[in-house]
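The lines below spell out each chain.
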Amino acid sequence: MKTKFKIAVYLIAGLLFGLSANAQKTVIKKEALPANAQTFLKTHFGSKKPSYILEDKELLSTEYKVQFDKQLEIEFDKKGNWKEVDGKNDKIPKSIIPKKIASYIKTNFPKEKVTKIEIGTSGYETKLTNGLELKFNLKEDFIKIDK
């Protein structure tokens, strides 16, 4: 009985591994992005052309990655909502940062710029030019500093 159970577990694990290994990354055009992502890019980057756009399809999800030059990278979920904007230690456009978060940073860290912002299920994480990481809740209230 244990042998049959082990075989079943191995088969299921192999199947899951095989399906997850089937992820595909494809270079796509800007027009193939979801409407929300296209609007975001137009709003914050105007007519600036990305270096490339990747569609990352996995078994249960699809994500998009847009790269500008060799610095700025933006990740979107399957609906085209931004998840992360990373300037790779360069400042990111101020227009991306929610007003309440931008105000907090301007007041408390006036010489610093935001180089990265992420939004997750529990809130926002920002990284500043001095290396500090600030965490905010979904209401954009400051929570804590990570070093």
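Check the entry above for the structure.
Keep in mind that this is a model prediction, so the values were computed, not measured.

## Considerations on the pattern of salt bridges
By the definition in use, this model includes eleven salt bridges. The shortest N-O distance in the salt bridge between Glu73 and Lys65 comes to 4.0 Å. With a relative accessible area of 11%, Glu73 lands in the buried category. For Glu84, the salt bridge goes to Lys116, with nearest N and O atoms at 4.0 Å. Here Glu84, found in strand β5 (residues 82-86), pairs with Lys116, found in strand β6 (residues 114-119); they are 32 residues apart in sequence, far enough to count as distant.

## Some thoughts on the sheet that holds strand β7 (residues 124-128)
Overall, antiparallel pairing links the nine strands, which are arranged β1-β2-β3-β4-β5-β6-β7-β8-β9 in an open sheet. Every other strand in the sheet has two partners, leaving β1 (24-27) and β9 (142-146) as the edge strands with one partner each. Each strand of the sheet is rotated relative to its neighbour by a mean of 20°, with strand direction disregarded. Relative to strand β8 (residues 133-136), β7 runs antiparallel, the two being bridged by four bridges. Considered in β8, the bridge of Glu125 is made with Lys135. On the sheet, helix α2 (residues 35-45) packs against β3 (62-68), β4 (72-76) and β5 and is oriented at approximately 150° with respect to β4. Sitting on the sheet, helix α3 (residues 99-108) touches β6, β7, β8 and β9, and the angle it makes with β8 is about 140°.

Criteria and cut-off values
As a convention, each chain's residues are numbered from 1 in the sequence order in which they are written. Only residues with pLDDT of at least 70 are given local features in this predicted model, and only at 80 or more are side-chain atom pairs given and counted; all residues enter the totals for whole chains, interfaces and linings. As a rule here, side-chain values come from all non-hydrogen atoms in the structure, and water together with hydrogens is ignored. A side-chain nitrogen of Lys or Arg and a carboxyl oxygen of Asp or Glu constitute a salt bridge if their distance falls within 4 Å. Whether a residue is buried, partly exposed or exposed follows from its accessible area with a 1.4 Å probe, protein chains only, as a fraction of its type maximum: under 20%, in between, or over 50%, in that order. A run of DSSP states H or I qualifies as a helix once it reaches four residues; a run of E qualifies as a strand once it reaches two. Both are numbered from the N-terminal end. In this scheme, strands are said to pair when DSSP sees at least two bridges between them. With axes taken as lines fitted to C-alpha atoms, and helix axes fitted only over the stretch in contact, angles between N-to-C directions fall between 0 and 180 degrees. Should any heavy atoms of two residues lie within 4.5 Å, those residues are considered in contact.

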